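Survey of secondary and tertiary structure
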Amino acid sequence: MSLRRILRIDNPEDKKILKTNCRPIKLPNRELKQLIADMFETMHDATGVGLAAPQVGLPIRLTVIWIPPVYEKQEDGTEVETAPAEEYVLINPKIVKMSNEEIIRQEGCLSLPGWYGDVPRATWVTVEYQDLNGKMRRIRKADGLLGWAIQHEVDHLNGILFTERIRDLSTLRDLTKEQDAETSAADQVARTTEQSPATDTPKV
Ligand code: ZN
């Protein structure tokens, strides 16, 4: 496996690729396995929970998502894993249904580290996609972190950036800079993630 460079929204050459409407992938494709492994490695290295192929310079319809495990604190103070981490590889994903209801949450992107803004999203989506073998699959009514990540990543494949979804641009801020004065370097690392919000909101 190897790390790939993550393209940036604030780099004009990178932005051209990030603004591309990505092309569908023909399956099976022998090279995808390596690319997917690299994308997961690159995403984890940047402590993100989702990464789309155009973010590593490839305008194709592929995204990976990682939902962290859930821990619950026990009476004795220890933490027990109540839900394992989940990994998703979505090839040629299409959102086929979404809720009318919206939720606004603070959102960030690995292609614009440190910046966060309030983005409205559907509370749930149903997505159809293909697995590596070309088999059609479906996730029904994905909500919470998964539903939100699917919408963010499918947007990437359509060349849409989270900054374009923000209605109130005054909410778009570089939180790393703002909090520089009071926080340690370690905290900063935790904050410069695609989808981890800046403050006490659960890491999404
Ligand atoms: Zn992103």
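For the structure itself, consult the block above.
For the structure given in this document, a descriptive report is provided here. A quick note: this is a predicted structure, and the numbers were derived from the prediction, not measured. (Residues numbered from 1 in each chain as written. Predicted model: local features only at pLDDT ≥ 70, side-chain atom pairs only at ≥ 80, totals over all residues. Heavy atoms only, no water.)

**Considering the overall build of the protein**
In terms of helices and strands, the protein carries six helices and 10 strands. Within the protein, the fraction of its 204 residues that count as buried is 45%. For the protein, long-range pairs separated by at least 24 residues make up 64% of all intrachain contacts whose partners lie at least 6 apart in sequence. Carbon and sulfur atoms make up 50% of the accessible area of the protein, which totals about 11000 Å². (Helix = DSSP H or I, 4+ residues; strand = E, 2+ residues; numbered from the N terminus. Buried < 20%, exposed > 50% of the residue type's maximum accessible area, 1.4 Å probe, protein only. Contact = heavy atoms within 4.5 Å. Areas by Shrake-Rupley, 256 points an atom, 1.4 Å probe, with all protein chains shown as cover.)

**So, the sheet that holds strand β10 (residues 173-174)**
Within a beta sheet, neighbouring strands are joined by backbone hydrogen bonds and run either parallel or antiparallel to one another. Spatial strand order, β6-β7-β10: three strands in an open sheet with antiparallel pairing. Bordering the open sheet on either side are β6 (102-108) and β10, each of which pairs with just one other strand. The sheet contact formed by β6 and strand β7 (residues 115-122) spans seven bridges and is antiparallel. Residue pairing across strands places isoleucine 104 opposite proline 120, the latter belonging to β7. (Pairing = 2+ DSSP bridges.)

**Remarks on the sheet that holds strand β8 (residues 124-130)**
Strand order in the open sheet formed by five strands is β1-β2-β5-β8-β9, and the pairing between neighbours is antiparallel. Taken across any chain shown, the strands that pair with only one partner, and hence form the sheet edges, are β1 (50-52) and β9 (136-143). Each neighbouring strand pair of the sheet contributes to a mean axis angle of 40°, computed without reference to strand direction. Bridge analysis of β1 against strand β2 (residues 62-67) gives three bridges, and the strand direction is antiparallel. The residue bridging glycine 50 from the neighbouring strand is isoleucine 65, located in β2. Together, β1, β2 and β5 (86-98) form the strand contacts of helix α2 (residues 32-45), whose direction differs from that of β2 by roughly 45°. (Axes fitted to C-alpha atoms, helices over the stretch in contact; angles between N-to-C directions.)

**Points about the pattern of salt bridges**
As enumerated under the stated definition, the model contains 11 salt bridges in all. Put simply, aspartate 10 and arginine 8 hold a salt bridge, and the shortest N to O gap is 2.9 Å. On the accessibility criterion, aspartate 10 (47% relative accessible area) is partly exposed. A relative accessible area of 32% means that arginine 8 is categorised as partly exposed. (Salt bridge = Lys/Arg side-chain N within 4 Å of Asp/Glu carboxyl O.)

None of the figures reported here should be taken as evidence of function without further support.
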